[in-house]
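These are the residues of each chain, in order.
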Amino acid sequence: MAGRNGRTVRDLRRANRTAVLQRLYFDGPLSRFELGPATGLSSGSVSNVVADLVADGLVEEAGSVDSDGGRPRTLLRVAPGSGHMIGVDVGETRVRVELFDLTLTELARAQRPLEQQRYEVEVIVDHIRSGIAEVLAGAGLAPERLLGVGIGVPGIVEHTPDRGAVVHGQTIGWDAVPLESLLRAGSPLPDTVPYFIDNGAKTLGQAEMWFGAGRGARNALVVLFGSGVGACLVTPEVEHGRAVEWGHLTVRVRGRRCRCGARGCLEAYAGAESLLARWREEGGRVPGGTDEETALTAMLAAAYPADDSTPDPVALAVLEETAEYLGAGLSDLINLFQPERILMGGWAGLQLGSRFLPAVHRHALSYALRHPAEKVTIELGRLGPDAVTVGAAILPLADFFARGGRRPDPDPQSPPPAWHTALQERAPR
C-alpha cells in the first residue's frame, strides 16, 4: 500500500534499514539507544530494524558499555563477513583487482601489468575476468556471494538500457566500448552479480570523500594525476561526485599535441606521460625499457638527489614547469567551483608527493582569484595507490545500502533507489 507521498511500507522499511546500516557503518559500534537520535527513528523502530538486520546476519554485537545507573548497553556493528565486493582499477600501468569484505578490509588482490598492448579492449576484458577469478579463488569465496563488482575506467561512462555501461575513452582509443556487455560474455560471475562501472577519477574521489582526506568536506575537488590528469567534483548539488575532464582544458593555444588529438590540453603538459616526453625532448636521460612509474622515479631522483650530488637541471626545470601548469589548471577549478578542499591522488601525484605539492599550491594561488583562493586547502589524498579500487568497491556497497542491505531483487516491479542515491545520501562525519 502506498501512502500520500507515494511511498509504500516496503519503501519505508528499506529506508529505515538503510539509515541504521549507514550509521553503524560510519559511526559504529553504537547502542540501540544511540541509534535513535543518530537516525531520527523511534526506539521501537530501531529495535525492529536491528532485530531484522541481526536475523539477516548483517549486524552483530560488539561488546557493551556502562549506562548511567542502568544495565550495560549492548554495542552493535556491521558484520564484516556479511557481504563482499570487488573493486577494479583499469589504470594506466596495470589493472588492479581487489576483493573486500563489507567493511572494505582487503582479502585478496591480483594485478595485471599493461605493457605493449596497453588499452586493447580484449586484453583489458581478459585481465578483469582473470583477476576476478584469481581473487575469488585466493579467498575461497563463491562468486554468487558477491554484492557486485565496481570498476573504475579512464574516460566518460554512459549508462544505456540495452548495453549497460558504455565507455567513451578518446585518449585510450575506446570509442563507445560496451564494457559491461563484453564482461558479461564469458563472465566467471553469475548474472545475479551486478557490475558498476564509472570514471576512475570519480571512484578515487568517492573513496577520499568517504574514508580519506575529503571526509567532512562539502565542496571538494579530487584530482587524479597519473599518465594523464582528471578530476572529480563533489558539491552539495553533486554529492555523489561528477567526473570532470579537467585534463582536456586548453592551457596553450596551438600548443603540444595531446593524446586526445587536440592541441594545448593541460594533459599534454602535466600528465606523467607528457612530463617524461618533455624531459626526453630536452635531452634528459630517460631510462629505456622501463614503465612510466619507474621512469618517473628516476626523474625525481635526478631532480632531487638524495645525496649531495648536483641536481639534473633539465629534470628539475621540467618538473618546475609542470608544477606551474598544474597550479594554473587548479586555479581554473578554484575560480569555477570555489571548493574548500582540493586533494591530489593517482600514482604520479603520490610519487611526486609533498616535495612537489608546495610549488603546485603556490602557483594555484598566484593564478586564482584572491577570495576563493584564500578559502581553499590543497593536500595529498590519504588512501594511497589503492584509492581507485576502494572507490570502485564503494559502488556495489552503495547499492547494498540503497537496498536496505538486501541483495538485488529479481522482481522489476519494485526497483530500489539507484546506487548513486546512497552515495548522495552518504553520512560520514
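As the structure is a computational prediction, the values presented were derived from the model and not from experiment.

What follows covers the overall build of the protein. Scanning the protein from terminus to terminus reveals 14 helices and 16 strands. Compactness check: the protein gives a C-alpha radius of gyration of 23 Å against a globular reference of 22 Å for 429 residues, within 12% of the reference. Its C-alpha atoms give the protein principal-axis dimensions of roughly 70 × 50 × 45 Å. Within the protein, the proportion of its 429 residues that are buried is 54%. Taking as baseline every contact in the protein between residues at least 6 positions apart, the subset at least 24 positions apart corresponds to 61%. For the protein, the accessible area works out to roughly 19,200 Å², and carbon and sulfur atoms hold 49% of it.

Before going further, it helps to examine the state of the cysteines. By the definition in use, this model includes zero disulfides. This cysteine, C258, is not joined by any disulfide, and C260 carries the nearest cysteine sulfur, 3.7 Å off.

A word on the packing of helix α1 (residues 9–27) against helix α13 (residues 387–402). Closest axis-to-axis distance for the α1/α13 pair is 8 Å, and the angle between their directions is 135 degrees. The orientation of α1 with respect to α13, classified from their angle, is oblique. Facing α1, whose interface residues are R14, T18, L21, Q22, Y25 and F26, α13 presents L397, F401 and A402. Tallied by class, the residues present in the contact of α1 with α13 amount to six nonpolar, two polar and one charged.

Turning next to the environment of G284. With respect to the helices and strands, the residue G284 is situated in the loop between α8 (272–281) and α9 (292–303). Residue G284 is classed as buried on the basis of its relative accessible area of 14%. Separated by 33 residues in the primary sequence, G284 and A317 place their C-alpha atoms 11 Å from one another. G284 has contacts with W279 and V314, leaving out every residue within four places of it along the chain.

Moving on to the packing of aromatic side chains. This structure, assessed with the given rule, holds 10 aromatic pairs. Aromatic side chains F26 and F211 sit 6.3 Å apart centroid to centroid with 35 degrees between the ring planes, which places their arrangement in the tilted category. Of this pair, F26 sits in helix α1 while F211 sits in helix α6 (residues 200–211); the two residues are 185 residues apart in sequence, bridging distant segments of the chain. Note on F211: relative accessible area 30%, which makes it partly exposed. Cluster of aromatic residues (ring-pair linked, three or more members): Y25, F26, W210, F211 and F401. Of note, R73 hangs over the ring of F33, and the distance from its end group to the ring centre comes to 3.9 Å.

Cut-offs applied
Residues numbered from 1 in each chain as written. Predicted model: local features only at pLDDT ≥ 70, side-chain atom pairs only at ≥ 80, totals over all residues. Heavy atoms only, no water. Helix = DSSP H or I, 4+ residues; strand = E, 2+ residues; numbered from the N terminus. Rg over C-alpha atoms; globule rule 2.2 N^0.38 Å. Buried < 20%, exposed > 50% of the residue type's maximum accessible area, 1.4 Å probe, protein only. Contact = heavy atoms within 4.5 Å. Areas by Shrake-Rupley, 256 points an atom, 1.4 Å probe, with all protein chains shown as cover. Disulfide = S-S within 2.5 Å. Axes fitted to C-alpha atoms, helices over the stretch in contact; angles between N-to-C directions. Parallel < 35°, antiparallel > 145°, perpendicular 65-115°, else oblique. Nonpolar A, V, L, I, M, F, W, Y, C, P; charged D, E, K, R; others polar. Phe/Tyr/Trp six-rings, centres within 6.5 Å; stacked < 30°, edge-to-face > 60°. Lys NZ or Arg CZ within 6 Å of the ring centre and 35° of its normal.

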